[in-house]
Amino acid sequence: MGFPPEVGNRFPRAMGSRHPAPVAGHDEDLAGEPSALVLSGDAESRRRLRGALALAGWRDQSAVIDVADLRAIMKRHHELVVVDLVHPPLDGDEAVGRAAATIARRPGTLLVTCGDAESADHESWARAHAAFCHLAGAVSSATLVSVLEQARGVVERVSPSLAPAA
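On a predicted model such as this, the values are computed, not experimentally measured, just so you know.

Student: Got a minute to help me understand helix α6 (residues 141-158) in this structure?
Tutor: One turn of an α-helix holds 3.6 residues; hence residues three or four places apart share an orientation. With 18 residues, α6 extends 26 Å between its outermost C-alpha atoms, agreeing within 8% with the 26 Å of an ideal straight helix rising 1.5 Å per residue. Taken residue by residue, α6 has Ser-141, Leu-144, Val-145, Val-147, Leu-148, Ala-151, Arg-152, Gly-153, Val-155 and Glu-156 as its buried positions.

Student: What exactly am I supposed to notice about unusual backbone geometry here?
Tutor: Excluding glycine, most residues fall at negative phi; most peptide bonds, likewise, are trans. The phi dihedral of Ala-130 falls on the positive side, at around 55 degrees, and the residue is not glycine. Counting through the fold element by element, Ala-130 comes out in the loop between α5 (120-128) and β5 (133-136). We classify Ala-130 as exposed; its relative accessible area is 62%.

Student: Just to check I follow, could you spell out helix α2 (residues 43-55) for this structure?
Tutor: Given a rise of 1.5 Å per residue, 13 residues ought to cover 18 Å, and the 18 Å separating the end C-alpha atoms of α2 matches this to within 8%. For α2, every residue scored as buried is listed here: Ser-45, Arg-46, Arg-47, Arg-48, Leu-49, Arg-50, Gly-51, Ala-52 and Leu-53. With its phi angle positive at about 95 degrees, Gly-57 sits one or two positions after the end of α2.

Student: Quick question: what am I supposed to make of the environment of Ile-103 here?
Tutor: Within the secondary structure, Ile-103 sits in helix α4 (residues 93-104). Overall, the relative accessible area of 0% leaves Ile-103 in the buried class. Separated by 25 residues in the primary sequence, Ile-103 and His-78 have C-alpha atoms spaced 7.8 Å apart.

Student: What is the right way to look at the state of the cysteines in this model?
Tutor: Simply put, disulfide is the name for a covalent bond between the sulfur atoms of two cysteines. Counted by the stated rule, this structure contains zero disulfides. Residue Cys-114 stays outside any disulfide, its sulfur separated by 8.3 Å from that of Cys-133, the closest cysteine. Residue classification places Cys-114 among the buried positions, given a relative accessible area of 1%.

Student: Before we go on, may I ask you to explain the sheet that holds strand β3 (residues 80-84) in this structure?
Tutor: Each strand in a sheet pairs with another by means of backbone hydrogen bonds, the pair being arranged parallel or else antiparallel. Spatially, β2-β1-β3-β4-β5 is the arrangement adopted by the five strands of the open sheet, whose pairing is parallel. The strands lining the two open edges of the sheet, one partner per strand, are β2 (60-64) and β5. Taking each pair of neighbouring strands and ignoring which way they run, the sheet shows an average axis angle of 15 degrees. As paired strands, strand β1 (residues 35-39) and β2 are joined by five bridges and run parallel to one another. By the bridge assignment for β2, Ser-35 is matched with Asp-60. The strands touched by α2 are β1, β2, β3 and β4 (110-115); relative to β2, the strand with the most contacts, the crossing angle is about 165 degrees. Contacting β4 and β5, α5 runs over the sheet at an angle of about 180 degrees to β4.

Student: Help me out: how do you make sense of the nonpolar core in this one?
Tutor: Where a protein is soluble and globular, its nonpolar side chains tend to be buried together. Leu-53, Trp-58, Leu-80, Val-82, Leu-135, Leu-144 and Leu-148 are the most contacted members of the largest nonpolar core, which totals 22 residues. Counting only elements with at least two residues in this core, the list comes to β1, α2, β3, β4, β5 and α6. Contact partners of Val-82, with chain neighbours within four places excluded, come to Leu-37, Val-38, Leu-39, Leu-49, Val-112, Cys-114 and Leu-148. Counting residues in each nonpolar core, the second largest holds 14 residues, with Leu-37, Val-81, Val-83 and Ala-104 among its members.

The rules we used
Residues numbered from 1 in each chain as written. Predicted model: local features only at pLDDT ≥ 70, side-chain atom pairs only at ≥ 80, totals over all residues. Heavy atoms only, no water. Helix = DSSP H or I, 4+ residues; strand = E, 2+ residues; numbered from the N terminus. Expected span 1.5 Å × (residues − 1). Buried < 20%, exposed > 50% of the residue type's maximum accessible area, 1.4 Å probe, protein only. Disulfide = S-S within 2.5 Å. Pairing = 2+ DSSP bridges. Axes fitted to C-alpha atoms, helices over the stretch in contact; angles between N-to-C directions. Contact = heavy atoms within 4.5 Å. Core = buried A, V, L, I, M, F, W, Y, C linked by side-chain atoms within 4.5 Å.

Take a look at the structure:
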């Protein structure tokens, strides 16, 4: 995905696991929290993306590793889907593309894509699926976190039930 080395050093290792670390012990504690989904076939990219999501305030996170995960995840609603077009999970772009497109078409879902700076196909795919943001090539950790914070702000504005308590 082209993250600079300093990005990997900034994010906690706990974010590299398949499932998010428990917060306060129970899933019920995440009720009312916006949910983010990471689609990446590269463990290091998943770790970095999930670390950036955590820094941006996304507590409820999922990651797709295999077909069983993909089937289960399709049943849940996610307000944000982050798709790594450089390292797609499963057996390639096609399965991920179909899943991401299906999820991104759901009302109230934002799509962020990460692609190769040299790939016109990645940018075209992002545009065709109305991505909130397409990050082409290496981006700084600050840029990545900022985009994910902006996405969270949009989600909170359009979903009053997810807005922080005043």
